[in-house]
Amino acid sequence: MGQKKDLTGSGKSKIVRYLAEGCSSLKIAKLLKHDHRTIKRFIQNSQQGRKKRVEKPRRKITAHELRKVKRAAAKMPLATSLAIFQSCNITGVPKSTSCAILRDMAKVRKAERRPPLNKTHKLKRQDWAKKYLKTDFSKVLWTDEMRVSLDGPDGWARGWIGKGQRAPVPLRRQQGGGGVLVWAGIIKDELVGPFRVEDGVKLNSQSYCQFLEDTFFKQWYRKKSASFKKNMIFMQDNAPSHASKYSTVWLARKGIKEEKLMTWPPCSPDLNPIENLWSIIKCEIYKEGKQYTSLNSVWEAVVAATRNVDGEQIKTLTESMDGRLLSVLAKKGGYIGR
């Protein structure tokens, strides 16, 4: 007879069946050719079952302390339960108790990634949709910057938000903070770039225009035919470095002016199809919790990820614009799903 062999799942099933047939533990051990002590131990453990959890009583919080906690939760959106209770000088409260108390007056929320649209924003988004409703979007170059960090996308923090309160919109930085700033564009089924902004360079109007000169214009645009340049429409968002008078005049000298420079409504990342490309790239470079130890390594990952994006994927994004415009009008200028 084998000694001290672990029971398999099928072996345990057989023990249960033999017990139901009235067999003793000794007989079961002989039938399974298993150590008798192992069989007995399994039967005893099965009969004992799981111990019932004893709920510990909550620490009593006074009405005055509850009011302090409620005020602190309102003043500290997205704070942890520990931070909220510490700010009230309430100590000795287990996390389970503090969370249970907060659940009666607040809820856990993520920071909102998009600012709320006011009436003016919605009207401008509708006017933009009407203006470009008959545009041939295969001739539009959609551009944008993306910041990639070593540890993954920002803005995933969760924290307690008082009932009736909105989650705050986090500060979104385009440069600095230990990351790489990437510029790219898409037109029809073609990817332009990506191009890396030099580390430590803050994109103001002058540095933005110089960056376009060194990358987009010299490496891509000047290779295109005259007919292509005549019909291409350049799209950029309303970042200060893009929308400044300096940048507008500089682009005009390059032939990108008037109808060739698309006007852009405020607070409208959902209307730019390249935002979907950024999502594809970020999902790829940060999959399975991937982190990076240097800026060069994360840049190499971005380049590798863009090589895996084929023309059909880009074409799907650029051809989605007609539907986006109709959705904006249907939602009366409200945000659309991307």
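What counts, and where the lines are drawn
Residues numbered from 1 in each chain as written. Predicted model: local features only at pLDDT ≥ 70, side-chain atom pairs only at ≥ 80, totals over all residues. Heavy atoms only, no water. Salt bridge = Lys/Arg side-chain N within 4 Å of Asp/Glu carboxyl O. Helix = DSSP H or I, 4+ residues; strand = E, 2+ residues; numbered from the N terminus. Buried < 20%, exposed > 50% of the residue type's maximum accessible area, 1.4 Å probe, protein only. Pairing = 2+ DSSP bridges. Axes fitted to C-alpha atoms, helices over the stretch in contact; angles between N-to-C directions. Parallel < 35°, antiparallel > 145°, perpendicular 65-115°, else oblique. Left-handed = near helix turned anticlockwise from the far one by under 90°. Contact = heavy atoms within 4.5 Å. Nonpolar A, V, L, I, M, F, W, Y, C, P; charged D, E, K, R; others polar.

What should I look at first to understand the pattern of salt bridges in this one?
Between side chains of opposite charge, pairing is possible as soon as their charged atoms come close. Overall, the coordinates contain 7 salt bridges when judged by the stated rule. Linking arginine 125 and aspartate 270 is a salt bridge whose minimum nitrogen-to-oxygen distance equals 2.8 Å. Separated by 145 residues along the polypeptide, arginine 125 in helix α7 (residues 119–131) and aspartate 270 in the loop between α11 (245–253) and α12 (274–285) bring together distant segments of the chain. Here arginine 125 matches aspartate 270 in class, with each residue buried. Residue lysine 287 pairs with glutamate 284 through a salt bridge whose shortest N-O separation is 3.3 Å. With relative accessibility at 46%, the residue lysine 287 sits in the partly exposed group. A relative accessible area of 32% places glutamate 284 in the partly exposed class.

Where do I start with the pairing of strand β4 (residues 179–187) in this structure?
Two faces belong to every sheet, and in a regular strand the side chains alternate between them. β4 sits mainly inside the fold: 9 of its 9 residues count as buried. Burial along β4 is two-sided: the face carrying Gly179, Leu181, Trp183, Gly185 and Ile187 and the face carrying Val180, Val182, Ala184 and Ile186 are both buried. Pairing between strand β2 (residues 140–149) and β4: 8 bridges, direction antiparallel. Paired with aspartate 144 across the strands is alanine 184, a residue of β4. Taken together, the 5 bridges between β4 and strand β5 (residues 190–196) define a ladder with antiparallel strand orientation. Within β5, the position partnered with valine 182 by the bridge is arginine 196. A loop of 2 residues connects β4 with β5, the two strands running antiparallel in sequence, and lysine 188 in this loop sits at a positive phi of about 55°.

Explain the packing of helix α1 (residues 9–20) against helix α2 (residues 25–32) here, please?
Helix packing for two helices is described by the angle between their axes and how far apart those axes are. At a closest axis distance of 10 Å, the pairing of α1 and α2 adopts a crossing angle of 135°. Of the possible angle classes, the one that applies to α1 and α2 is oblique. For the pair α1 and α2, the sense of crossing is right-handed. Residue-level contacts link Gly11, Lys14, Ile15, Tyr18 and Leu19 of α1 to Ile28, Leu31 and Leu32 of α2. The residue makeup of the contact of α1 with α2, split by class, is 6 nonpolar, 1 polar and 1 charged.

Honestly, it's all geometry; don't read function into it.
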